[in-house]
Structures are given as C-alpha cells and as structure tokens.
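Below are the chains, spelled out letter by letter.
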Amino acid sequence: MASSQVQKFSCQCDAIECFKSDTRDVIAVGTSNLNGATWAGEVVVLERSQGDADYTRELAFKTETGISSLTWLGNKGEMLACAADDGAIHIWTITGNSVKREQQVQSLLEHDDAVSSIHAHPSQHDTLASGSWDHAIKTWSIEHTSHSSQTFTGHTDIVSCVKWNPSTPDVFASSSLDGQVILWDRRAPTKPILLNAYDVSGRGKHQGVYSLAWGAEHIAYGLEDGRVALVDTRNPSKPLWACATHKSSVRSLAFSPSMPTLLASGGDDKDVIVTETATTTAASPSKRHTISHHTDFVRAVAWSPSQPNKLVSASWDRTLAIHT
C-alpha cells in the first residue's frame with residue numbers, strides 16, 4: 001500500500017473517526033499538545049466532496065484539553081463526541097451544508113479521571129460507551145439526559161478501549177492495562193465474560209491490552225508487547241492465535257468492512273500493518289502489508305467507509321496519512 005494523501009497538523013494526532021452518510025463523508029481528527037504543564041488540543045474535520053479523490057480541511061477548533069478519542073453521533077453524523085483528559089466527554093454539533101460550524105451543546109462529567117475511549121452505538125444513534133483512567137465504563141443515552149445510563153466496574157487499571165458489538169445491540173467489549181478483555185451485556189451487567197490476556201505471550205507475564213476491534217464472529221485485541229490476538233466469541237476461553245505483529249505496543253485495530261478478514265493495526269513501533277486473519281495454522285497469520293510511513297507512534301487506524309480500499313492512520317508525528 002502507498003500513502004496517497006498526507007495531512008499535517010500542529011499537534012500530535014491521537015484519534016480519528018470516519019463517517020459516511022448520504023450527505024457527508026468526513027474524518028474527525030483529535031489532537032493533543034503539551035503546553036508547559038498542561039495539555040491542550042484541537043479537533044479537525046476533513047471532508048470529501050462527491051467526485052473528489054482527496055479530503056480537504058473544512059473545520060478546526062481548539063480545546064482546553066487533549067483529545068484522546070472521538071465518535072460521531074446521530075444518524076447523519078450531526079454530532080461529534082470528544083473524550084478529554086480532564087474526565088469530560090464534550091458533545092459538539094457540526095452544522096451547515098458542508099462542515100462549516102461547530103457548537104458545544106453538552107458535557108458528560110461523571111468520570112473521575114481522563115476519558116481514554118468512547119464509541120457510539122452502531123444503531124442507537126444517541127447512545128455511547130466510555131472508558132476511563134478511573135477504571136470504570138459508562139454507557140450514556142444523551143438525547144434526554146447528561147447522566148449515565150449504567151456504570152460497569154470490573155477492571156483494576158486504566159480502561160484503554162471500549163467497542164460495541166456491531167451485530168448484538170446490548171453487547172460491548174472493554175480492554176484494560178490490567179491485562180483483561182471483558183465482554184459486557186447491558187441486560188446482565190453483573191455477569192461479564194472475562195478473556196484473560198495475561199498468558200497470551202506464553203511467558204506467564206502480565207500484558208496490558210491497549211486496543212480492540214470486532215469482526216463478524218471474532219474480537220481482536222492488541223497487547224503492550226506488540227502481539228495481536230484473535231478470539232472466537234462463540235468459544236472465548238482461548239485465543240485462536242496470538243502473533244508478534246508489532247515490535248511495541250499495539251495502539252489501534254480495525255477490521256476492513258469490505259474484506260472482513262483483513263485487520264489493520266497501528267503501533268508504537270511507528271508501523272501500520274495489515275494482517276490476513278483467516279488462517280489454518282494456529283500461530284501464523286500472514287502480514288499482507290507493512291507501511292512504514294510515519295516517524296513517530298501510530299495512535300489510530302481506520303478504514304474509509306466510502307472508499308473501502310483506503311486505510312487512514314494518524315500519528316504523533318503530527319500527520320494523518322491515507323494509504324491505498
């Protein structure tokens with residue numbers, strides 16, 4: 001894969017979120033920058049007009065904290081939720097025929113520490129889940145209230161990632177630096193299913209989990225030592241395989257929507273890697289592409305929903321790259 005478009009930013013890129021509807025094809029980018037002893041950030045929205053090959057910068061606004069995670073809300077992507085390192089989740093409306101204006105309309109303030117991950121529900125467009133450095137997970141239905149719907153406690157360290165199951169509306173997964181991946185069901189919040197990631201390395205060593213991605217019947221998770229593991233959620237007692245994909249922590253994972261066995265990953269080794277997860281051998285999935293474009297940690301990867309062959313990555317080198 002080659003890098004066909006590169007966007008440069010003034011701050012380190014920590015998060016990206018793509019959205020495609022009949023009227024909008026956008027990428028939101030969350031950035032952060034250390035100013036003295038405090039973090040600040042910026043949210044940038046890139047938009048691609050119909051018939052154009054490239055995305056252009058349509059909107060940018062400063063934030064008083066770093067932005068660690070983003071998710072689009074609303075069935076037309078008219079709202080953008082931003083996870084902040086002060087423990088808040090800020091909701092912005094994005095308006096105009098093209099992306100031209102923003103207005104902060106809501107703040108969710110129940111977490112006691114930095115919010116590390118947020119994810120919008122795939123079908124309930126006013127619902128999101130959040131995970132925090134306070135070890136807690138919360139779900140929210142923001143249409144009528146700024147209070148959380150449920151709180152889930154089970155992790156003993158920072159919650160690094162939360163992701164809704166795309167096909168089962170009440171189920172989501174969380175990962176943590178405590179070495180656990182947990183499957184939760186909103187209908188039975190006190191009966192989670194634990195996927196123990198401690199021994200995936202084969203060394204009996206605690207491994208923090210930094211990233212998650214749902215496939216059709218699988219969940220992939222990325223570990224601090226650079227390994228990626230794949231679990232069949234119908235039989236989650238043991239990973240199907242665990243492979244040393246990166247040389248350092250795996251910060252982001254994304255399955256391709258058009259080729260569901262392809263898994264993209266980004267890591268602290270500065271690489272973006274695309275892996276073929278369908279394999280008949282227990283320990284050797286094959287790497288399809290290794291992209292060594294970035295010069296600093298890769299913090300986010302996402303497939304374009306409008307151009308399925310394009311992969312987007314964002315890095316602390318202050319660039320976003322689109323690979324084809």
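Everything below is about the structure shown above.
The sections below set out a description of the structure shown in this document.

The rules behind each value
Residues numbered from 1 in each chain as written. Predicted model: local features only at pLDDT ≥ 70, side-chain atom pairs only at ≥ 80, totals over all residues. Heavy atoms only, no water. Pairing = 2+ DSSP bridges. Helix = DSSP H or I, 4+ residues; strand = E, 2+ residues; numbered from the N terminus. Axes fitted to C-alpha atoms, helices over the stretch in contact; angles between N-to-C directions. Phe/Tyr/Trp six-rings, centres within 6.5 Å; stacked < 30°, edge-to-face > 60°. Buried < 20%, exposed > 50% of the residue type's maximum accessible area, 1.4 Å probe, protein only. Lys NZ or Arg CZ within 6 Å of the ring centre and 35° of its normal.

1. Thoughts on the sheet that holds strand E12 (residues 136-141)
- Overall, antiparallel pairing links the four strands, which are arranged E10-E11-E12-E13 in an open sheet. Each edge of the open sheet is held by one strand with a lone partner, namely strand E10 (115-120) and strand E13 (148-153). Ignoring which end each strand starts from, the neighbouring axes of this sheet average 20° apart.
- Bridge count for E10 against strand E11 (residues 127-132) is five bridges, and the pairing is antiparallel.

2. A closer look at the packing of aromatic side chains
- Here the structure, examined in full by the defined rule, presents seven aromatic pairs.
- Ring plane angle 65° and centroid distance 5.3 Å describe the contact between Phe-152 and Trp-184, whose orientation is recorded as edge-to-face. Placement of Phe-152 in strand E13 and of Trp-184 in strand E16 (residues 180-185) is noted, with a sequence separation of 32 residues between them. Residue Phe-152 shares its accessibility class with Trp-184, and that shared class is buried.
- Their ring planes at 45° and their centres at 5.4 Å tell us that Phe-297 and Trp-316 sit as a pair that is tilted. Remark: Trp-316 occurs in the loop between strand E27 (311-315) and strand E28 (319-323) and Phe-297 occurs in the loop between strand E25 (286-291) and strand E26 (298-303); sequence separation between them is 19 residues.
- Residue class for Phe-297 comes out partly exposed when judged on its relative accessible area of 27%.
- Looking at Trp-316, the relative accessible area reads 22%, which means it is partly exposed.
- If you follow Arg-57 out to its NZ or CZ, it ends over the ring of Phe-9, 4.6 Å from the centre.

3. Points about the sheet that holds strand E21 (residues 241-244)
- Spatially, E18-E19-E20-E21 is the arrangement adopted by the four strands of the open sheet, whose pairing is antiparallel. Taken across any chain shown, the strands that pair with only one partner, and hence form the sheet edges, are strand E18 (209-214) and E21. This sheet shows a mean twist of 20° between the axes of neighbouring strands, independent of strand direction.
- Here strand E20 (residues 227-232) runs beside E21; their pairing, made up of four bridges, is antiparallel. Bridging from a neighbouring strand, Arg-227 pairs with Ala-244 of E21.

Shape descriptors only; they carry no functional weight alone.
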